[in-house]
Amino acid sequence: MNTFNEDLFLTSPLAKHLYESYAKDQPIIDYHCHLVAQEIYENEVFEDLGQMWLAHDHYKWRAMRTFGIDEHYITGGASFREKFLKFAEILPYLAGNPLYVWCALELKRYFDIDEAVTGDNAERIYDQTKQLIREKGMTPQWCMEKSNVEIVCTTEDPTDQLTYHKKLAGKTKVKVLTAFRPDNAMFMERDSFAGYVDILETVSGVEITSFNSLIDALETRLVEFRKSGTPVSDDGIPEFTYAEASESEIEEIFQRAMNNETVCKEDIDRYRTAFLYRMGQIYFRHAFVMQLHVGTYLGANTSKAESIGASTGFDCIDDSTAVMSVGKLLDRLTREGTLPKTILYPLDITKMESFAVLAAGFCDSSARGKVQLGAPWWFNDQVAGLERQFESVSNLYPLSLSVGMLTDSRSFISYPRHELYRRVLCDYLAKLVNRGEYFSDEKFLGETIRNICYGNVKEYFGF
């Protein structure tokens, strides 16, 4: 019977040496994820592997739907045991899919199980893992400590009171921070916008009667987030065309949105441009890193997204945001001396190289790698996406300055994604050496690996 191989993705003795010597034991700083702080605080023992794998994971949900599995066993009322058994049936047929490798790594690292899950052994593995969960008291905090996580940054809306982050402060081995995500204030075309602004007004204590006062309210909340210790912001840009407008034009658009009046695409572009520009200024003023996630097509299957909910596996990749639009935003902030440290995450993999070149064009002496390309994100955080970034993007932007991997996950056992990243990284660098493309002393290569895995992110964010 074939079992898990510890040489996974390490295709040469040198690759294995580099991984074992410089990458394997580095702590994890997971600076972008979607874990729930309340679950970390309550720290309850998991029910079973079905809950650990399938409670929040839209990657798995999407895969299950492609096999025609009924929604009852995906996000419906079936028990986690039933959901696990259904997922186990399709897992052997996911060759080449990152889910297969992620699941294998998770089984090995948390349960020391070497064999592949199939419909035939699913019942036994379910029982075995459930017993281990009880015996070891596997909780969210246990999983993070087991994975050598040092810092984790969840993602919260500005209206969040950070109640559980405050309760967790100084009480856990893993430092739990947040990231400031103001997307709901940017999506003024949504029916929910006016209601959201009312909530923001209440939470911030700032009377919001105009676009400027909206920005003031967001800055007030950002200051509170900063007090919690976070230097991280996060903006999602599903579609963006740069379009400047006068203050009076932006104000008029804002008032129409507050009155739930119809807004056109040009209005949306002007508002988003003004919003992202003003937020960039605020991030600079308060020493936040600006993360721009570009190119999502949210809720493509509208009927399913409406009935099941947002972020449940119906989002896609979009190519409508031009590199030039993001470049004009960065340029405007640069001309005014208010460009913060910025990480760009293009979801459209065909634009990865273009965004790398754009990032390099806005670096300066204020910081190493001031503007940079983020880790392959969402649909790209698999081996092919990692290899593409290492092999193509490193030609255009120094790989050694990268702040490394993140999970972008809702699962407490997704940290082996960092391991996968580190393995592929070390294999790539070993190939350069074996091909004669790199022949500096190993100490430089070792330093590069340690920095990409841990050092750079700690310095860049100021953790």
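For the structure, check the block above.
These lines cover the structure that appears in this document, whether it is placed above or below. (Residues numbered from 1 in each chain as written. Predicted model: local features only at pLDDT ≥ 70, side-chain atom pairs only at ≥ 80, totals over all residues. Heavy atoms only, no water.)

1. Structural notes on the pattern of salt bridges
Summed over all chains, the structure comprises 27 salt bridges. For Arg335, the salt bridge is made with Asp331, and the minimal N-O distance between the two is 3.1 Å. Residue Arg335 and its partner Asp331 are located together in helix α16 (residues 323-335), separated by 4 residues, close to a single helical turn. Its relative accessible area of 57% is what places Arg335 among the exposed residues. Across the pair Arg435 and Glu437 runs a salt bridge whose closest N-O atoms are separated by 2.5 Å. (Salt bridge = Lys/Arg side-chain N within 4 Å of Asp/Glu carboxyl O. Helix = DSSP H or I, 4+ residues; strand = E, 2+ residues; numbered from the N terminus. Buried < 20%, exposed > 50% of the residue type's maximum accessible area, 1.4 Å probe, protein only.)

2. Quick word on the sheet that holds strand β3 (residues 175-177)
Ordered by their spatial adjacency, 3 strands build an open sheet running β1-β2-β3, and the pairing between neighbours is parallel. The sheet is open, and its two borders are formed by β1 (28-30) and β3, each paired with just one other strand. Pairs of neighbouring strands in the sheet enclose a mean axial angle of 10°, with direction left out of account. Across 3 bridges, strand β2 (residues 149-153) lies against β3 in parallel orientation. In the strand pairing of β3, Cys153 is matched with Leu177. (Pairing = 2+ DSSP bridges. Axes fitted to C-alpha atoms, helices over the stretch in contact; angles between N-to-C directions.)

3. Some points on the pairing of β2
Counting buried positions along β2 gives 4 out of 5 residues, so the element sits mostly inside the fold. Here 3 bridges tie β1 to β2, and the two strands are oriented parallel to one another. Of the residues in β2, the one forming a bridge with Ile28 is Val149.

4. Details of the environment of Ile69
Here Ile69 lies in the loop between α4 (58-66) and α5 (80-90). In the structure, Ile69 is positioned 17 residues away from Lys86 in sequence and 7.7 Å away in space, judged by C-alpha atoms. Setting aside anything within four residues of it in sequence, one finds Ile69 in contact with Met64, Ile74, Lys86 and Ile90. (Contact = heavy atoms within 4.5 Å.)

5. Structural notes on the packing of α4 against helix α6 (residues 98-111)
Geometry of a packed helix pair, given as the angle between the helix axes and the separation of the axes. Two numbers describe how α4 lies on α6: the axes approach to 11 Å, and their chain directions differ by 130°. The angle between α4 and α6 places the two elements in the oblique class. When you trace α4 past α6, the crossing you get is left-handed. Here Tyr59, Lys60 and Ala63 of α4 lie close against α6, whose contacting residues are Leu99, Trp102 and Cys103. Its residues placed into classes, the contact of α4 with α6 shows 5 nonpolar, no polar and 1 charged. (Parallel < 35°, antiparallel > 145°, perpendicular 65-115°, else oblique. Left-handed = near helix turned anticlockwise from the far one by under 90°. Nonpolar A, V, L, I, M, F, W, Y, C, P; charged D, E, K, R; others polar.)

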